[in-house]
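Architecture at a glance
The lines below spell out each chain.
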Amino acid sequence: MNLVEKITKDQIRTDIPEFRVGDTVVVGYHIKEGNKERVQDFEGIVIAIKNSGVAKNFIVRKISAGVGVEKTYPMNSPKIAYVKVVRKGKVRQARPYYLRSLVSKPRIKERRDKELSK
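About the thresholds
Residues numbered from 1 in each chain as written. Predicted model: local features only at pLDDT ≥ 70, side-chain atom pairs only at ≥ 80, totals over all residues. Heavy atoms only, no water. Core = buried A, V, L, I, M, F, W, Y, C linked by side-chain atoms within 4.5 Å. Buried < 20%, exposed > 50% of the residue type's maximum accessible area, 1.4 Å probe, protein only. Helix = DSSP H or I, 4+ residues; strand = E, 2+ residues; numbered from the N terminus. Phe/Tyr/Trp six-rings, centres within 6.5 Å; stacked < 30°, edge-to-face > 60°. Pairing = 2+ DSSP bridges. Axes fitted to C-alpha atoms, helices over the stretch in contact; angles between N-to-C directions. Salt bridge = Lys/Arg side-chain N within 4 Å of Asp/Glu carboxyl O.

**Details of the nonpolar core**
Core analysis: the biggest nonpolar cluster contains twelve residues, these being Ile 16, Phe 19, Val 25, Val 27, Phe 42, Val 46, Phe 58, Val 60, Tyr 73, Met 75, Ile 80 and Val 83. When contributions to this core are tallied by element, the ones reaching two or more residues are β1 (24-33), β2 (36-50), β3 (57-64) and β5 (80-87). Of all hydrophobic cores here, the second largest spans eight residues; its members include Ile 45, Ile 59, Leu 99 and Ile 108.

Here is the structure:
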């Protein structure tokens, strides 16, 4: 058991900032086209964070040209160049899948940390 924990500890990324469901994030993802490689940004609202440890995933949703687009990213993938938290959102559910049924852009209240209110 100790060997498994040691191997998984080395594979978990620590350079990704902490974010929660409801936050708006920009994910930079390495895309390979032919023999070229570039970083593509995807900005949207985090609607789910699943699993834990090495297998941790998060789902980001945005509305592009009136169509909802969702992408699932493995948290510890080496293909993720960066994750930036643009806005901290306040939602009351662990997985706000109700955002899928909204026609317009979702309006989520901004979360204020306890340190900011002092």
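**Concerning the packing of aromatic side chains**
Tallied over the entire structure, the rule returns four aromatic pairs. Seen in terms of ring centroids, Phe 19 and Phe 58 are 5.1 Å apart; in terms of plane orientation they differ by 70°. Their pairing is edge-to-face. Highlighted residues: Phe 19 in the loop between α1 (2-11) and β1 and Phe 58 in strand β3, separated in sequence by 39 residues. No difference in accessibility class separates Phe 19 from Phe 58, as the two residues are buried. Three or more aromatic residues joined by ring pairs form one cluster here, namely Phe 19, Tyr 29, Phe 42, Phe 58 and Tyr 73.

**Section: the sheet that holds β5**
Adjacent strands of a sheet pair through backbone hydrogen bonds, lying either parallel or antiparallel. Taken together, the five strands give an open sheet; going across it, the order is β4-β3-β2-β1-β5, and neighbouring strands pair in antiparallel fashion. In this open sheet, the two edge strands, each paired with only one partner strand, are β4 (67-74) and β5. Here the average twist between neighbouring strands, direction ignored, is 40°. Alignment of β1 against β5, held across six bridges, turns out to be antiparallel. Bridge assignment links Thr 24 to a residue of β5, and that residue is Arg 87.

**Quick notes on the pattern of salt bridges**
In a structure, side chains of opposite charge can pair up when their charged atoms sit close to one another. Tallied over the full model, the rule gives six salt bridges. Salt-bridge contacts for Arg 38 lead to Glu 33; the nearest nitrogen and oxygen are separated by 3.1 Å. Accessibility expressed as a relative area gives 37% for Arg 38, which makes it partly exposed. A salt bridge links Arg 100 to Glu 70, with the shortest nitrogen-to-oxygen separation between them at 2.7 Å. On the criterion of sequence distance, the pair formed by Arg 100 in the loop between β6 (89-90) and β7 (109-110) and Glu 70 in strand β4 is long-range, its members being 30 residues apart. Judged by its relative accessible area of 31%, Glu 70 is partly exposed. One salt-bridge network, in which partners are shared between bridges, spans Arg 61, Glu 70 and Arg 100.

**Some words on unusual backbone geometry**
The phi angle of most residues is negative, glycine excepted, and most peptide bonds adopt the trans form. Of note in this structure, Asn 51 is not a glycine but carries a positive phi near 65°. Structurally, Asn 51 can be placed in the loop between β2 and β3. Non-glycine residue Ala 65 carries a positive phi angle of around 55°. Looking at where Ala 65 falls in the secondary structure, it is placed in the loop between β3 and β4. A relative accessible area of 80% places Ala 65 in the exposed class.

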